[in-house]
Amino acid sequence: MASVKIPPRPGSGQADNQVTIRDRAEVTAFLAGHGIEYERWTPEHPVAPDASADAVLTAYAREIDTLKARGGYATADVIDVKPETPNLDMMLAKFNREHWHDEDEVRFIIEGRGLFHVHPPAGEVFAIEVEAGDLIRVPRGTHHWFDLCGEKRIRAIRLFQDTAGWTPHYTESGVDKGFEPVCFGPAYVARG
Ligand SMILES: [Fe+2]
């Protein structure tokens with residue numbers, strides 16, 4: 001289940017003003033207010049941690065077909081990273097600065113966790129921590145950036161209208177530098 005955190009303004013010193021939403025209906029409504037679609041889909045097909053991308057796509061073919069039909073997506077692939085993935089930092093560095101795409105960013109998380117920061121055109125940056133079972137669609141043009149959580153593990157199905165449209169366009173605003181890429185899900189809470 002995703003959770004959403006509205007962080008304090010960087011440098012405001014108002015750390016206790018941050019609000020974390022964990023209720024499913026509240027999360028869905030908050031994100032919908034920013035044009036972001038959110039649903040829970042059960043990742044019900046067991047896929048071995050070392051399975052190939054093709055094996056993942058085959059296991060989830062039914063869900064992928066449903067999403068393609070619904071959203072007009074032409075292709076799907078799998079992002080599958082773990083701490084030992086070669087050049088992981090270089091790969092992540094492409095997406096951890098504020099950027100936008102010419103098409104939607106659609107992810108169905110089937111393992112692991114990740115952290116989106118979203119910067120609305122008129123409003124404060126908020127963070128969405130996604131985990132297995134989360135289906136999220138960040139609309140084209142939305143300013144955002146993405147980080148992995150501490151365990152550096154995510155496996156997600158990505159859907160594209162046209163893969164060429166998914167090139168990141170960097171805003172170079174520097175806004176991302178004011179936010180720590182720290183996840184805040186159940187594991188964080190458990191550590192107190
Ligand atoms: Fe992106």
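In the block above lies the structure referred to throughout.
## Digging into the environment of Glu 180
Line of reasoning, step 1. Note that Glu 180 resides in the loop between strand E11 (169–170) and helix H5 (186–190).
Line of reasoning, step 2. The exposed category is assigned to Glu 180, around which 10 C-beta atoms lie within 10 Å.
Line of reasoning, step 3. Separated by 102 residues in sequence, Glu 180 and Val 78 have C-alpha atoms that sit 26 Å apart.

## Notes on the nonpolar core
Line of reasoning, step 1. Val 4, Phe 116, Ile 128 and Ile 157 are the most contacted members of the largest nonpolar core, which has 34 residues in total.
Line of reasoning, step 2. Elements that contribute at least two residues to this core include exactly helix H1 (24–32), strand E6 (105–119), strand E7 (126–131), strand E8 (134–138), strand E9 (143–148) and strand E10 (154–160).
Line of reasoning, step 3. For this core, the leading source of residues is E6, giving seven residues.
Line of reasoning, step 4. Contact partners of Val 4, with chain neighbours within four places excluded, come to Ile 21, Val 27, Phe 30, Leu 31, Phe 126, Ala 127 and Ile 128.

## Focus on unusual backbone geometry
Line of reasoning, step 1. Even without being a glycine, Asn 87 presents a positive backbone phi close to 55°.
Line of reasoning, step 2. When you line up the elements, Asn 87 lands in the loop between strand E4 (75–81) and helix H4 (88–93).
Line of reasoning, step 3. Looking at Asn 87, the number of C-beta atoms within 10 Å reads 8, which means it is exposed.

## Notes on the pairing of E8
Line of reasoning, step 1. Here E8 lies mainly inside the structure; five of its five residues are buried.
Line of reasoning, step 2. Burial of E8 is two-sided: the residues Asp 134, Ile 136 and Val 138 facing one way and the residues Leu 135 and Arg 137 facing the other way are all buried.
Line of reasoning, step 3. Here strand E3 (residues 37–40) pairs with E8 via four bridges, running antiparallel. Within E8, the residue paired with Glu 37 across the bridge is Arg 137.
Line of reasoning, step 4. Of the strand pairs in this sheet, E6 and E8 are connected by four bridges, and their pairing is antiparallel. Bridge pairing links Glu 105 to Val 138 in E8.

Quick notes on the rules
Residues numbered from 1 in each chain as written. Predicted model: local features only at pLDDT ≥ 70, side-chain atom pairs only at ≥ 80, totals over all residues. Helix = DSSP H or I, 4+ residues; strand = E, 2+ residues; numbered from the N terminus. Buried ≥ 20, exposed ≤ 12 C-beta atoms within 10 Å, placed from the backbone. Core = buried A, V, L, I, M, F, W, Y, C linked by C-beta atoms within 7 Å. Contact = placed C-beta atoms within 7 Å. Pairing = 2+ DSSP bridges.

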